[in-house]
Amino acid sequence: MNRRLFSTVRLKPDTTSMMAIGVVVAVGWLAAFPVAGQAPVPRAANRNTAKPYVAPRTPDGQPDLQGFWTNATYTPLERPKGVTKEFFSPEEAIEVMKKAALEENEQTEPGTVADVHYDFTQFGLDRSQGAMAVNLRTSLIVDPTDGRLPPLSEEGRRRAAERAAARKTRGGPHDTVQNEPLGSRCILMDRNGPPALAGAYNNDYQIMQAAGYVMILTEMLHDARIIPLDGRPQLPPNVRQWTGSSRGRWEGQTLVIETTNLTDKFAFQGASENMRLTERFTRTADDTMRYQFTVEDPSTWTRPWSAEVPWKKTIGPIFEHACHEGNYGLYNTLSGARAEEKRAAEEAAKKGSLK
Amino acid sequence: MRKWLALTGVAVTLTVLPGAGQTPAYRAPRAADGKPNFNGIWQAVTEAHWDIEAHAAAPSPVLELGASHAVAGGLGIVEGGTIPYKPEALKTKQQNFTNRLKLDPEIKCYLPGVPRATYMPYPFQIIQGPKFIMMIHTFAGAVRTIYMDEHKEAPADSWMGWSNGRWEGDTLVVDTTGFNEKSWFDRAGNFHTDALHVVERITAASPNHLQYEATIEDPNVFTRPWKINVPLYRRMEKNAQIMEFRCVEFVEDLIYGHLRKQPTK
């Protein structure tokens, strides 16, 4: 695939924090840094000195979160092994981002399996080609402070073992469509969550607020979460959905969404259907929003854990992501696996007849 | 000058209303920007999802489903009763009907397109703002964004099309193009090509219903533009909400089942 298109293909035109590749990346992110609302100083100290940002209001008086946002990031959920601090310095953070951007732009070897995929860079899908908030954190997980998922509870360990055993009885990854990952099946992706976590591309969201509701449209899978704010109870406990049951409320400047009624099939980071999710959206600047979430699931982890990632304003529109309708990849994966088996069987038969 | 404007106003009102056939007196509550407030959960109550033309009851195309999924008879929603197909297109429609179990995109959980999404037997929610009006449908989680202030040509073809909206008095007028040729109008094989152009006119007719009219044009298939009319009713339950309907999971064995690894003998 094509390296020379890097500097010329830009699907999304510029805002101040959007950038091209390479050197421009660093300049763009450095320029973006002061408005990202992140600081390496402890938050308590920060709170005393910095004047809190007050978001504009909607006509009915809610903090206005509306617009197009992206949660694109190179920061991993868990702190990488070998990194011991909670925050990078701005210079280090830019270095890490630059390195990640270059790796993302790296070209696959022609003739290899990895090369049989459209070129993300060519189609403007690399994270470095769109808006991205600078995050000084070394992991999205902020609690526990080691930046890693807490240990599994006894029940969590038992279930993980059971799930692993069940996987083995289901056969190979391409034996049947149900063995393929949820994302490949266009059922649920990490951008959808909940909680919403960035992936390699299409990390775009549109938020709208109407009286009594917040609507969060995730580009991936044209997935609209409609969150009622009227204090109604969650769905009955026997009603389980991929994205659960979500109810919202305002706590000052912050939109708080509580989600329950998840399904065992989703199993976010290995969670059970008992997982309880609390998401918090707080605007910290005109173009930045803090997204925090806390996962509580004693039947999986020994303690709750929390993560945080800045969302950055981006530009629309969000185009239709008809994933299932054009899922040639899934079809070809399965039919390819069957063709391989047929070929292997024919070869084995040939060998047998030669004996 | 003022008199002329007033007359134009009358003319517009007259052209808006005759299709709806509703009392013109109803004035909808206002949204923050002064426009009629269409926020809510709505649903068509009609048999048109089986066939938008008038039709008698008929057996289910699937033997095992017996009467539970039999076709309910209905008087249709097409103004004048029939769709003005070109002769060749009518043949295609009939073939579609014959092969509907194989060809109907609804069966495969594909995005339903427009106007089909509007009168499927499921609720949809309108989230209304001054710049965007979203229609979020139960079926397949289909989403339409209606662009109210930045009108553009469709950047590419899609299932749900590209919708530019405007207010004509108290009527929301949505002009949608940029469709692919893959969606249908109903379960009876009524179809269109990628030349489809839909203009919807939506007017509040009472606190709890909207009058929905759509003019449908596709010179590849129809001899002239034609109209459908259907009321949309508010879902009145206090706890009404759009439930998740990720039907992809329900159709995987149907679509990919033949690619399952066969047990070795």
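Keep in mind that this is a model prediction, so the values were computed, not measured. (Residues numbered from 1 in each chain as written. Chains lettered and ligands numbered in written order. Predicted model: local features only at pLDDT ≥ 70, side-chain atom pairs only at ≥ 80, totals over all residues.)

Visitor: Give me the overall build of chain A: which residues, what numbers.
Guide: What chain A contains, in helices and strands, is five helices and ten strands. Taking all 355 residues of chain A together, the buried fraction comes to 34%. Restricting the contact set of chain A to residue pairs at least 6 apart, pairs at least 24 apart contribute 64%. (Helix = DSSP H or I, 4+ residues; strand = E, 2+ residues; numbered from the N terminus. Buried ≥ 20, exposed ≤ 12 C-beta atoms within 10 Å, placed from the backbone. Contact = placed C-beta atoms within 7 Å.)

Visitor: Explain the overall build of chain B to me, using residue names and the numbers behind them.
Guide: Each helix and strand in chain B was counted, giving four helices and nine strands. A compact globule built from 265 residues should have a C-alpha radius of gyration of about 18 Å, and chain B, at 20 Å, falls within 12% of that. If one aligns the C-alpha atoms of chain B with their principal axes, the spans along those axes are about 85 × 45 × 40 Å. The long-range share in chain B, meaning contacts at least 24 apart out of those at least 6 apart in sequence, stands at 60%. (Rg over C-alpha atoms; globule rule 2.2 N^0.38 Å.)

Visitor: Go over the pairing of strand β9 (residues 226–234) of chain B, please, and point to the residues and values.
Guide: Regular strands place their side chains on alternate faces of the sheet. All names here are of chain B. Inspection of the sheet shows strand β1 (residues 40–44) paired to β9 by three bridges, in the antiparallel sense. Directly across from Q43, in β9, lies its bridge partner Y233. Note that strand β8 (residues 209–217) and β9 share eight bridges and pair antiparallel. The partner of Y212 across the bridge, within β9, is V230. (Pairing = 2+ DSSP bridges.)

Visitor: Run through unusual backbone geometry, naming residues and quoting values.
Guide: Among all residues save glycine, negative phi is the norm, and among peptide bonds the norm is trans. Residue and element names in this part refer to chain A. Of the consecutive residues D143 and P144, the connecting peptide bond is found in the cis state with omega at 5°. Within the secondary structure layout, P144 lies in the loop between β2 (141–143) and α4 (154–169). That bond from G193 to P194 is cis: its omega, -5°, falls within 30 degrees of zero. Its place among the elements puts P194 in the loop between α4 and β3 (204–210).

Visitor: Report on the nonpolar core, specifying residues and quantitative values.
Guide: Core analysis: the largest hydrophobic core is formed by 99 residues, its most contacted members being M215(A), L111(B), I127(B), M134(B), I136(B), A142(B) and L210(B). In terms of residue count, the dominant contributor to this core is strand β3 (residues 132–137) of chain B (five residues). Residues contacting A142(B), with those up to four places away along its chain left out, are L111(B), P112(B), A117(B), H137(B) and M160(B). (Core = buried A, V, L, I, M, F, W, Y, C linked by C-beta atoms within 7 Å.)

Visitor: Provide a residue-level description of the interface of chain B and chain A, including the pertinent values.
Guide: At the interface, 31 residues of chain B touch 37 residues of chain A. Every element with two or more residues in the side of chain B that touches chain A is listed here: β2 (124–128), β3, β4 (143–147) and α4 (248–256) of chain B. The element contributing the most residues to the side of chain B that touches chain A is α4(B), with four residues. For the side of chain B that touches chain A, the residue count by class is 16 nonpolar, nine polar and six charged. (Nonpolar A, V, L, I, M, F, W, Y, C, P; charged D, E, K, R; others polar.)

Visitor: Help me get a handle on the pairing of strand β6 (residues 245–251) of chain A, residues and values and all.
Guide: Residues and elements named next belong to chain A. In this structure, β6 lies alongside strand β7 (residues 254–260), joined through seven bridges in antiparallel fashion. The residue of β7 that forms the bridge with R247 is E258. Linking two consecutive strands that pair antiparallel, namely β6 and β7, is a turn of two residues; a positive phi of about 60° is found at G252 within it.

Visitor: Mind laying out the environment of D64(A), listing which residues take part and the relevant values?
Guide: All names here are of chain A. Its location among the elements puts D64 in the loop between α2 (43–49) and β1 (67–70). Judged by the 14 C-beta atoms lying within 10 Å of it, D64 is partly exposed. With 120 residues separating them in the primary sequence, D64 and S184 have C-alpha atoms 35 Å apart. The contact partners of D64, leaving out residues within four places of it in the chain, are A55, P56, R57 and T58.

Visitor: I'd like a rundown of the sheet that holds β1(B), residues and numbers included.
Guide: Residue and element names in this part refer to chain B. If you walk around this closed barrel you meet the nine strands as β1-β2-β3-β4-β5-β6-β7-β8-β9, and the pairing is mixed. Looking at each pair of strands side by side, their axes are set apart by 30° on average, direction ignored. Pairing geometry for β2 and β3, over five bridges, is antiparallel. Within the sheet, the bridge partner assigned to I127 lies in β3 and is M134. (Axes fitted to C-alpha atoms, helices over the stretch in contact; angles between N-to-C directions.)

Visitor: Before we move on, can you summarise the confidence of the model for chain A with the specific residues and values?
Guide: Confidence along chain A averages 87 in pLDDT terms, with 86% of residues attaining 70 or more. Taken as a whole, residues 1–27 of chain A scores under 50 in pLDDT and shows 46 contacts with residues more than four places along the chain or in a different chain. (pLDDT = per-residue confidence, 0-100.)

Visitor: Describe the confidence of the model for chain B, with residues and values.
Guide: If pLDDT is low for a region, its predicted coordinates should not be looked at in detail. Residues and elements named next belong to chain B. The predicted model of chain B has a mean per-residue pLDDT of 92, with 90% of residues at 70 or higher. Throughout residues 1–19 the model reports pLDDT below 50, and contacts reaching past four residues in sequence, or to other chains, amount to 13 contacts. Reported confidences for the modelled complex are a pTM of 0.88 and an ipTM of 0.89.

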